[in-house]
Each structure stands twice: as structure tokens, then as C-alpha cells.
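# Survey of secondary and tertiary structure
Next come the chains, spelled out residue by residue.
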Amino acid sequence: MEFFNIVFDGDFDDVDIIAVPNEIALKMEQLGQEFLYWLPSAKEEDYWTIINGKTCLVAETTGFINWLNVFYCKGVEKAYVEETHKKYNPLYRIIDF
């Protein structure tokens, strides 16, 4: 497994740390962009929220992990959230949302 910082809006003081299987680790930056491209087509309520009475898409860590596990983690190992709301860890690469 390889670990990554999930960074939202450039906030390096509040990142989530995820672990992904080694077989997809090399293409995680690309998969992060594919997730954002796929997101508007999501039918599942897990990817939507209501803000001020309007339904909006949510690009968040749990949804990204669910998407990875459905579409890319076909083996025994699954991606998972290791920690949430942590400071950026320079030992791990970044996936920027």
C-alpha cells in the first residue's frame, strides 16, 4: 500500500491521508482527475449534498475512496482512509482537489 495526501483547495493544514494498493499508486494523480471528470455523472447520493436548498456535487475523500474501490481496486486490497484532518505529510505524494 502507498499513502497519499488528499489536499482540498490548497489547504495543507487540513488534509486526509489515504492508502491505495501499489498497483494503482503510480497513476493516482491521473485517477484523481478522472474522479473529478466522472463526478457530475454520479447517480449515488453519496456524491451529492444540499447547500442553501440546492443540490451540489461533493468531491470528498470518502467518495473518492468508494469510487476507487468500485472501478480500480478489483483485487483483494482496497483503498481506505488512514487519517482525516491532518497536516500535510511531506513523505507522501499529493492528490489535489
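Before going into details, it helps to say that this report is about the structure given with it.

What counts and how
- Residues numbered from 1 in each chain as written.
- Predicted model: local features only at pLDDT ≥ 70, side-chain atom pairs only at ≥ 80, totals over all residues.
- Heavy atoms only, no water.
- Salt bridge = Lys/Arg side-chain N within 4 Å of Asp/Glu carboxyl O.
- Helix = DSSP H or I, 4+ residues; strand = E, 2+ residues; numbered from the N terminus.
- Buried < 20%, exposed > 50% of the residue type's maximum accessible area, 1.4 Å probe, protein only.
- Phe/Tyr/Trp six-rings, centres within 6.5 Å; stacked < 30°, edge-to-face > 60°.
- Pairing = 2+ DSSP bridges.
- Axes fitted to C-alpha atoms, helices over the stretch in contact; angles between N-to-C directions.
- Contact = heavy atoms within 4.5 Å.
- Arc of directions from axis to C-beta.

## Describing the pattern of salt bridges
This model, assessed by the stated rule, comprises four salt bridges. Linking Lys87 and Asp13 is a salt bridge whose minimum nitrogen-to-oxygen distance equals 3.3 Å. In this pair, Lys87 is assigned in the loop between β5 (80-86) and β6 (93-96) and Asp13 in the loop between β1 (2-7) and β2 (15-20), connecting sequence segments 74 residues apart. Take Lys87 and Asp13: they sit in the same class, and that class is exposed.

## What to know about the packing of aromatic side chains
For the coordinates displayed, the defined rule picks out 15 aromatic pairs. Ring centres 5.0 Å apart and planes at 85 degrees place the aromatic pair Trp38 and Tyr47 in the edge-to-face group. Looking at Tyr47, the relative accessible area reads 5%, which means it is buried. Arranged with centres 5.3 Å apart and planes meeting at 55 degrees, the rings of Trp67 and Tyr72 form a pair that is tilted. With a relative accessible area of 26%, Tyr72 lands in the partly exposed category. An aromatic cluster is present here, built from Phe8, Phe35, Trp38, Tyr47, Phe64, Trp67, Phe71, Tyr72 and Phe97 joined pairwise through their rings.

## Some points on the sheet that holds β5
One open sheet holds the four strands; their spatial order is β5-β2-β1-β6, and the pairing between them is mixed. Each of the sheet's edge strands pairs with one partner strand only, and the pair in question is β5 and β6. Neighbour-to-neighbour, the strand axes of this sheet turn through a mean angle of 30 degrees, independent of strand direction. Sheet analysis places β2 next to β5, joined by four bridges and oriented antiparallel. From the neighbouring strand, Ile18 faces β5, where its bridge partner is Val81. Together, β1, β2 and β6 form the strand contacts of helix α2 (residues 28-38), whose direction differs from that of β6 by roughly 15 degrees.

## Quick notes on unusual backbone geometry
Located in the positive-phi region is Asp9, a residue other than glycine, with phi close to 50 degrees. The topology assignment puts Asp9 in the loop between β1 and β2. According to the relative accessible area criterion, Asp9 is exposed, its value standing at 75%. Despite not being glycine, Asn52 shows a phi value in the positive range, around 50 degrees.

## A word on α2
Three or more residues of α2 are buried, namely Met28, Leu31, Gly32, Phe35 and Trp38. The buried side chains of α2 occupy one side of the element, clustering within an arc of 130 degrees when seen end-on. On its buried face, α2 is in contact with β1, β2, α1 (22-25), α3 (61-71) and β6.

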